Amino acid sequence: MAMPQRLPILLFALVMAAIPFVPGMPPFWIVLLDNIGLSALVAMGLVLLTGVGGLTSFGQAAFCGFGAYTTAVLTTTYGLSPWLTLPLSLLVSGIAAVVLGLVTVRLSGHYLPLGTIAWGIGLFYLFSKLEFLGRNDGISGIPPLSIGSFRMIDPGTIYFAIWIAVLIAALLTMNLLDSRTGRAIRALRRGHIAAEAFGVHAPRAKLLVFIYAAVLAGLSGWLYAHFVRAANPTPFGAQAGIEYLFVAVVGGAGYVWGGVLGAAIVVILKEVLQSYLPLIFGGSGQLETIVFGILLVTLLQLAPTGVWPWLMARLPFTPIRKRPDMSLTLPARPRAAAIPSVLLQIDHARKQFGGVIAVNDVSFDVQAREIVALIGPNGAGKSTTFNLITGVLTASSGRISVLGKAINNAPPQEIVKLGISRTFQHVKLVPDMTVLENVAIGAHLRGQSGAISSMFRLDRADEARLLAEAARQIERVGLSEQINQLAGSLSLGQQRIVEIARALCVDPILLLLDEPAAGLRHMEKQQLASLLRQLRDGGMSVLLVEHDMGFVMDLADRIVVLDFGTKIAEGTPGAIKTNPDVIKAYLGAVA
Amino acid sequence: MLFLVQDGITNGAIYALLGLALVLVFAVTRVILIPQGEFVTYGALTYASLSAGQFPGTARLALAMGIVAFGFDIYVGRKALHRRLVGRALIVNIALPAIVFALTYVLVGHPSGIAVNIALSLVIVAMIGLFLYRIAFQPIAHTSVLVLLIASVGCHLAMQGFGLLFFGAEGQRGPALSNAAFTLGPLRFTGQSIAVYVITVAFIVGLWLFFGFTLTGKALRATAVNRLGARLVGIRTTLAGQLAFLMAALIGAVSGILIVPITTLYYDTGFLIGLKGFVAAIIGGLVSYPLTAVAALVVGIVEAFSSFYASDFKEVIVFTLILPVLVLRSLAQPAVEEEKD
């Protein structure tokens, strides 16, 4: 059954709005729902940060603390209105996130979660020791939220404030994910090299999600302070931070609604355990933490992706995916008026890793409208040469210039702006994004919309043009059938073709292809060869690394041969076939 | 001044032991062992309970976990249940904890020597460590560091809850290993602090020898670098993981027994002590044993000084210490593409 995207959310909102008016609804349930909403807000930030962006944080509770303490101090000591402190609470959380984020998001691998544990605990102790935050006792007597004379004192009224916040946050988060910026964020989890090759500024994107998650946590903290009308350090400690991550993982860390579902499961479970376990096992001890911990480990063993995707797979709904309107066009990338004959010039490029010389003073060039093949045995330095050209690695010495201008070890984000795009030897697509979304990352630099405009859906015209361009390139490489499939479900050969479509979205002058024909069947190779010829005849140059000699000899205008990092030959396919050095490198010396 | 340094070194030595255990477990299994602190508490309080003539609940936990682990072993091996597999599972998972349980049961009530109590505590906690890996981590050993980390948090929660259940909310102290003491210049050394130094150094040297010069140690390191590769050359990676956890639990219990005569331990004290070992382990990059030991001493000394001069901000200072280190570590090894999932 197909369903419009927004209908379930509308239904959900109506149900949530109706709940407090159900006659006989126990007030205690409303309190639970309030707690679920507060926890869901933080978890939603974590979904974006951890599940989507791949940055694990145990420190979100500290950002709730920033939100709660800001409003606590400003409303009690300075008598400000709670509504005035809302933007200030968010601002303080955001600024704290910028400071911590600048340090944290640069951490790689497991240093990141450990770092967040460390500052999470540090901030907790800071909250509990500072005089103006009331030390361990905290601050009490925080005024309730009020609109005119309507004061939200009881749980049933602040309920609306909390759940309106949850719904708005969910909508904004979903809008953000379904946009140019969102694709960049979603690409981060699979490593930054592919995203950066298409102009995504990875540290900036990471900082963005970090701040976004912190602001959501700050919002939750602000609501919390006006809900319990007090703030003390306990709910902002390490334990709470761990619990928020738990909520996100239980629900499904990759899904916005997983955060809400996880909050519901965890809050209700805790309540049930706290009230029923002592009845079964007698009163002693923190039995619920034991059961809680054991359940967590069990869940990870049985359903490591969380409950939400498990649930969705069992519901008979399929989201409608609109086909992009192919009549829209993106303006072509600005080009130099007269393209000189030499597009890419490599002059004595050298790359050393410690004592190993991977690329040894290699020189060659690529002309306009030319297909050049880079061949050589395994370990000859072909992929390293690619990485030098695209800025993934910095050359130890030598000069690489594009259109006569030296690139001086510019980072990948700058190289792609020159009109050089690439594919990877080991496919770097985001497997849980569709082919269309993956390819659209290639057009990242040709869109302008930022995070804020996409959250509020002001990016739709820009977005439609990007997707139309992506769809056109997918059609060009012959994968229109698969446009809405998940990239991870395609065969390896097709994934390589998707990478080519993504590279074409840059509107490049030079295409670098790293083993494009590997994993393709004979017919597919012929189609690929004719596509590349067609691109060349359209004015593009291609530099490719390839092991399939039949494919290379048939296609290339010129061949450069590397062996042990050194160029041993260069020439037309005919000349290379008979070159004694090349034969020696591939087949060994003739005795 | 000097007594602060001495105090710092004594604490630092304990952090060093815990840091070493964390490095060991992470290097072999990629698990960031949050429950390391619980091993400390369990070791210390089991020892204190035994000394006070009480039956420790940890012996019961070990027996229960053994039975669950036995179930896991049999279930996984159900397709090919040959006699050797069942035999090993029976001996390790059922017979061993049962014997220890019975022994503890018999010995409680009789005044027995310190050595017997220590030995019993160590065996009990070591078994818990072994079974913990078998039950919680072995089934998900192939998953990402993040999933392992969250499972590790779950274990910490459960074990801390059990700690409260077994030992109650009141703190306990245990008898000292020796009451000898001597004075050197302005400093007073107790037999206990000397034991801390000696045992820490012994463990560091022992681990260094074990990993550098024995085949088993090298096999453990190989497992850490590449699980699949290690399996292909015939290393039993599950055994490596169990061994690492067993050693970590043992080290945790030893540190617990070393400090319980000096400070009062509560059921949840271990977590914070473990985290400080963590700070040291991270400074050591989770790979280097000597660096971890040095870092732990620094952590201990910083803690001693800040608790003297700015006691309110002691924890803030210790945990903030980690951030500049993490940044330096990340800058030192950038541009590594992480292949995840």
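Throughout this description, residue numbers start from 1 for each chain and increase along the sequence as written. Written order decides the labels, with chains lettered from A and ligands numbered from 1. Thresholds applied to this predicted model are a pLDDT of at least 70 for local features of residues and 80 or more for the giving and counting of side-chain atom pairs; totals over whole chains, interfaces and linings are not thresholded and use all residues.

**Examining the overall build of chain B**
- A helix here means a DSSP run of H or I that spans at least four residues, while a strand means a run of E at least two residues long, and both kinds are numbered starting from the N terminus. When helices and strands are tallied, chain B shows 14 helices and two strands.
- Counting only C-alpha atoms, chain B reaches 65 × 60 × 35 Å along its principal axes.
- Scored against the burial criterion, the 341 residues of chain B give a buried share of 49%.
- Contacts here follow a simple rule: the backbone-placed C-beta atoms of the two residues must lie within 7 Å. Considering only residue pairs separated by 6 or more positions, chain B has 79% of its internal contacts joining residues 24 or more positions apart. Whether a residue is buried, exposed or partly exposed follows from its count of other C-beta atoms within 10 Å of its own C-beta, namely 20 or more, 12 or fewer, or something in between, respectively; the C-beta atoms are built from the backbone.

**Looking at the overall build of chain A**
- On a plain count of helices and strands, chain A comes out with 23 helices and 16 strands.
- A principal-axis box enclosing the C-alpha atoms of chain A has dimensions of 90 × 55 × 50 Å.
- For chain A, contacts bridging at least 24 residues in sequence account for 75% of all contacts bridging at least 6.

**Concerning the interface of chain B and chain A**
- The partner chain A presents 40 residues to the 40 residues of chain B that form the contact.
- Elements with a minimum of two residues in the side of chain B that touches chain A: helix 6 (145–167), helix 11 (269–283), helix 13 (314–320) and helix 14 (322–332) of chain B.
- Element by element, the count of residues in the side of chain B that touches chain A is highest for helix 6 of chain B, at 16 residues.
- Throughout this entry, Asp, Glu, Lys and Arg are counted as charged residues, while Ala, Val, Leu, Ile, Met, Phe, Trp, Tyr, Cys and Pro are counted as nonpolar. The remaining residues, Gly among them, count as polar. A per-class count over the side of chain B that touches chain A returns 28 nonpolar, six polar and six charged.

**Regarding the packing of helix 11 of chain B against helix 12 (residues 289–309) of chain B**
All names here are of chain B.
- It is at 8 Å that the axes of helix 11 and helix 12 come closest, and there the two elements cross at 135 degrees. It follows from the interaxial angle that helix 11 and helix 12 lie oblique. Between helix 11 and helix 12 lies a crossing whose hand is right-handed. Between helix 11 and helix 12, the contacting residues are Lys-276, Gly-277, Val-279, Ala-280, Ala-281 and Ile-283 on the first element and Thr-292, Ala-295, Ala-296 and Val-299 on the second.
- Among the residues forming the contact of helix 11 with helix 12, the class breakdown is seven nonpolar, two polar and one charged. A fitted line through C-alpha atoms serves as each axis, taken over the contacting stretch for helices, and the angle formed by two N-to-C directions is quoted from 0 to 180°. Just so you know how the angles are binned, under 35 degrees is roughly parallel, over 145 roughly antiparallel, 65 to 115 roughly perpendicular, and the rest oblique. Left-handed describes a crossing whose near helix is turned anticlockwise from the far helix through less than a right angle; right-handed describes the clockwise counterpart.

**Overview of unusual backbone geometry**
Residue and element names in this part refer to chain A.
- Even without a glycine there, the phi angle at Asn-408 is positive, about 45 degrees.
- Locating Asn-408 in the fold gives a position in the loop between strand 11 (405–406) and helix 15 (412–415).
- On the neighbour-count criterion, Asn-408 (12 C-beta atoms within 10 Å) is exposed.
- The phi torsion at Asn-409 lies on the positive side, around 55 degrees, for a residue other than glycine.
- One can find Asn-409 in the loop between strand 11 and helix 15.

**Looking at the sheet that holds strand 15 (residues 558–563) of chain A**
Residues and elements named next belong to chain A.
- We call two strands paired when DSSP finds no fewer than two bridges between them. Strands sit in the order 12-13-14-9-15-16 across an open sheet of six strands; the sheet is mixed. Strands with a single pairing partner mark the edges of an open sheet, and in this sheet they are strand 12 (420–422) and strand 16 (566–571). Geometrically, the sheet is characterised by an average inter-axis angle of 15 degrees between neighbouring strands, direction not taken into account.
- Note: strand 12 against strand 13 (residues 510–514), three bridges, orientation parallel. Counted as the bridge partner of Ser-421 is Leu-511 from strand 13.
- Those strands touched by helix 14 (residues 382–389) are strand 9 (371–375), strand 12, strand 13, strand 14 (541–545) and strand 15, and its axis lies near 145 degrees from that of strand 13.
- Contacting strand 15 and strand 16, helix 23 (residues 580–587) runs over the sheet at an angle of about 130 degrees to strand 16.

**Description of the domain arrangement of chain A**
Residues and elements named next belong to chain A.
- Along its sequence, chain A is carved into domain 1 (34–234), domain 2 (339–419 + 508–591) and domain 3 (434–507).
- Between domain 1 and domain 2, the C-alpha centre-to-centre distance is 48 Å.
- Contact residues are listed per partner, giving six residues for domain 1 and six residues for domain 2.
- Residues that form the side of domain 1 that touches domain 2 fall into these classes: three nonpolar, two polar and one charged. Domain ranges listed in this record stem from an automatic or a database domain assignment.

**A few points about the pairing of strand 7 (residues 342–353) of chain A**
Residues and elements named next belong to chain A.
- Where strand 7 meets strand 8 (residues 356–367), eight bridges bridge the pair, whose relative direction is antiparallel. Counterpart to Gln-345 in the pairing with strand 8 is Asp-365.
- The antiparallel hairpin formed by strand 7 and strand 8 contains two residues in its connecting segment, where Gly-354 sits at a positive phi of about 55 degrees.
- The pairing of strand 7 with strand 10 (residues 397–402) spans five bridges and is classified as antiparallel.

**As for the sheet that holds strand 8 of chain A**
Residues and elements named next belong to chain A.
- Spatially, the four strands line up as an open sheet ordered 8-7-10-11, and their pairing is antiparallel. A single partner strand is all that each edge strand has here, and the edge strands are strand 8 and strand 11.
- Its contacts with the sheet place helix 14 against strand 7, strand 8 and strand 10, and it is angled at close to 65 degrees to strand 8.

**Points about the nonpolar core**
- The nonpolar core is taken to be a set of buried Ala, Val, Leu, Ile, Met, Phe, Trp, Tyr and Cys residues joined by way of C-beta atoms within 7 Å. Counting residues in hydrophobic clusters, the biggest one holds 301 residues, and the most contacted among them are B:Val25, B:Ile128, B:Ala248 and B:Val279.
- For this core, the leading source of residues is helix 9 (residues 202–228) of chain A, giving 18 residues.
- Apart from the residues within four sequence positions on either side, B:Val279 is in contact with A:Ala118, B:Val299, B:Val318, B:Phe319, B:Leu321 and B:Ile322.

**Concerning helix 6 (residues 155–177) of chain A**
- What a helix is expected to span follows from its residue count: subtract one and scale by 1.5 Å. Between the first and last C-alpha of helix 6 of chain A there are 32 Å, a value that for 23 residues agrees with the 33 Å anticipated at 1.5 Å per step.
- When we look at burial in helix 6 of chain A, the residues that qualify are A:Pro155, A:Ile158, A:Tyr159, A:Ile162, A:Trp163, A:Val166, A:Ala169, A:Ala170, A:Leu172, A:Thr173 and A:Leu176.

**As for the confidence of the model for chain B**
All names here are of chain B.
- Confidence of the prediction at every residue is given by pLDDT, a number between 0 and 100. Per-residue confidence for chain B averages 83 on the pLDDT scale, and 96% of its residues sit at or above 70.
- Every residue in residues 334–341 scores below 50 in pLDDT, and together they form nine contacts with partners more than four places removed in sequence or on other chains.
- Reported for the predicted complex are a pTM of 0.84 and an ipTM of 0.82.

**Points about the environment of A:Ala358**
- Looking at the secondary structure, you find A:Ala358 in strand 8.
- When the C-alpha positions of A:Ala358 and A:Asp432 are compared, they lie 34 Å apart, and in sequence the two are 74 residues distant.

**Quick look at the pairing of strand 14 of chain A**
Residues and elements named next belong to chain A.
- Where burial is concerned, most of strand 14 is hidden: five out of the five residues are buried.
- Burial along strand 14 is two-sided: the residues Ser-541, Leu-543 and Val-545 and Val-542 and Leu-544 are all buried.
- Here strand 9 runs beside strand 14; their pairing, made up of four bridges, is parallel. Among the inter-strand pairings, Val-372 is bridged to a residue of strand 14, identified as Leu-543.
- Note that strand 13 and strand 14 share five bridges and pair parallel. The residue bridging Leu-510 from the neighbouring strand is Ser-541, located in strand 14.
- A crossover gets the label right-handed when its path from the first strand over the helix to the second runs clockwise, viewed with the strands pointing away from the viewer. A crossover links strand 13 with its parallel partner strand 14, the connecting element being helix 20 (residues 522–537), and its sense is right-handed.

**Digging into the environment of A:Asn175**
All names here are of chain A.
- Its location among the elements puts Asn-175 in helix 6.
- Residues Asn-175 and Gly-45, 130 residues apart in the sequence, show an inter-C-alpha distance of 14 Å.
- Residue contacts for Asn-175: discarding those within four places in its chain leaves Ser-454, Met-455 and Arg-457.

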